[in-house]
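As a plain string of letters, each chain reads:
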Amino acid sequence: MAISAKMGKNMDTIDRKIVSELQKDGRITNNDLANAVNLSPSPCLRRVRKLERDGVIQEYTAVVDHDKCGWPISVFAMIKLQRHDETTVQTFERQVQNLEMILECFLMAGSADYLVHIVGRSLADYEAFVKTKLHTIPGIASIESHIAYGTIKRGFQLPQ
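Residues numbered from 1 in each chain as written. Predicted model: local features only at pLDDT ≥ 70, side-chain atom pairs only at ≥ 80, totals over all residues. Heavy atoms only, no water.

A.B. asks: What's the story with the packing of aromatic side chains in this structure? I'm lost.
C.D. replies: In this description, a pair of aromatic rings is defined by centroid distance and the angle of the planes. Following the criterion strictly, the structure yields 1 aromatic pair and no others. Relative to Tyr114, the ring of Phe92 lies with its centre 4.4 Å away and its plane at 35°, an arrangement referred to as tilted. Within this pair, whereas Phe92 is found in helix H5 (residues 86-97), its partner Tyr114 is found in strand S3 (residues 114-120), the two being separated by 22 residues in sequence. Looking at Phe92, the relative accessible area reads 0%, which means it is buried. A cation over a ring is seen here: Arg121 above Trp71, with NZ or CZ 3.9 Å from the ring centre. (Phe/Tyr/Trp six-rings, centres within 6.5 Å; stacked < 30°, edge-to-face > 60°. Helix = DSSP H or I, 4+ residues; strand = E, 2+ residues; numbered from the N terminus. Buried < 20%, exposed > 50% of the residue type's maximum accessible area, 1.4 Å probe, protein only. Lys NZ or Arg CZ within 6 Å of the ring centre and 35° of its normal.)

Laid out in structure tokens, this is it:
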């Protein structure tokens, strides 16, 4: 749940508290949320619905343990494109959207064009994914893989 720069400027203290509480616990009841932000339930629910309509709150999801779900391999791949014309960029970005093993894809400044977070069931699974999926996307110049072997911090709550 990200706060856009434009919306962030229009949010008041109560909106920020609501977002913070929902980032801590997306399953919190409206009554508990209202108590946490010192509102009555009806105005609290109206504010939550407005934050959802405005795109501040984009979705609700469960954070799961990748390893326990059978996806222990986590790879961060730096991808460079051969060209940066509209067709190459749009083709890459469209095809990445359809690859389930890619959890996140970030447009980057610096030496790589994209940073892609990929999960796999094994190193062989990741290798097959690269050979049969990533390498088939036209316009990729290089893929530099960085395999994570542990997680030190994983957060989803924005600073207040």
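A.B. asks: Which parts of the structure should I look at to understand the side chain of His66?
C.D. replies: Tracing the chain through its elements places His66 in the loop between helix H4 (41-53) and strand S1 (73-81). Leaving out residues up to four positions away in the same chain, His66 has contacts with Trp71, Pro72, Leu103, His117, Val119 and Arg154. (Contact = heavy atoms within 4.5 Å.)

A.B. asks: Got a minute to help me understand the environment of Gln160 in this structure?
C.D. replies: Assignment of secondary structure puts Gln160 in the segment after strand S4 (140-148). For Gln160, a relative accessible area of 77% puts it in the exposed group. Gln160 sits 147 residues away from Thr13 along the chain, and the two C-alpha atoms are 9.8 Å apart.

A.B. asks: Help me understand the pattern of salt bridges, please; the structure alone is not making it clear to me.
C.D. replies: A side chain with one charge may pair with a side chain of the opposite charge, provided their charged atoms come close. Counted by the stated rule, this structure contains 7 salt bridges. Here Asp15 makes a salt bridge to Arg47, at a shortest N to O gap of 2.8 Å. Residue Asp15 is found in helix H2 (residues 13-24), and its partner Arg47 is found in helix H4; the two are separated by 32 residues along the sequence. Asp15 sits in the buried class, given a relative accessible area of 11%. Here the salt bridges share partners, and the residues they tie into one network are Asp12, Asp15 and Arg47. (Salt bridge = Lys/Arg side-chain N within 4 Å of Asp/Glu carboxyl O.)

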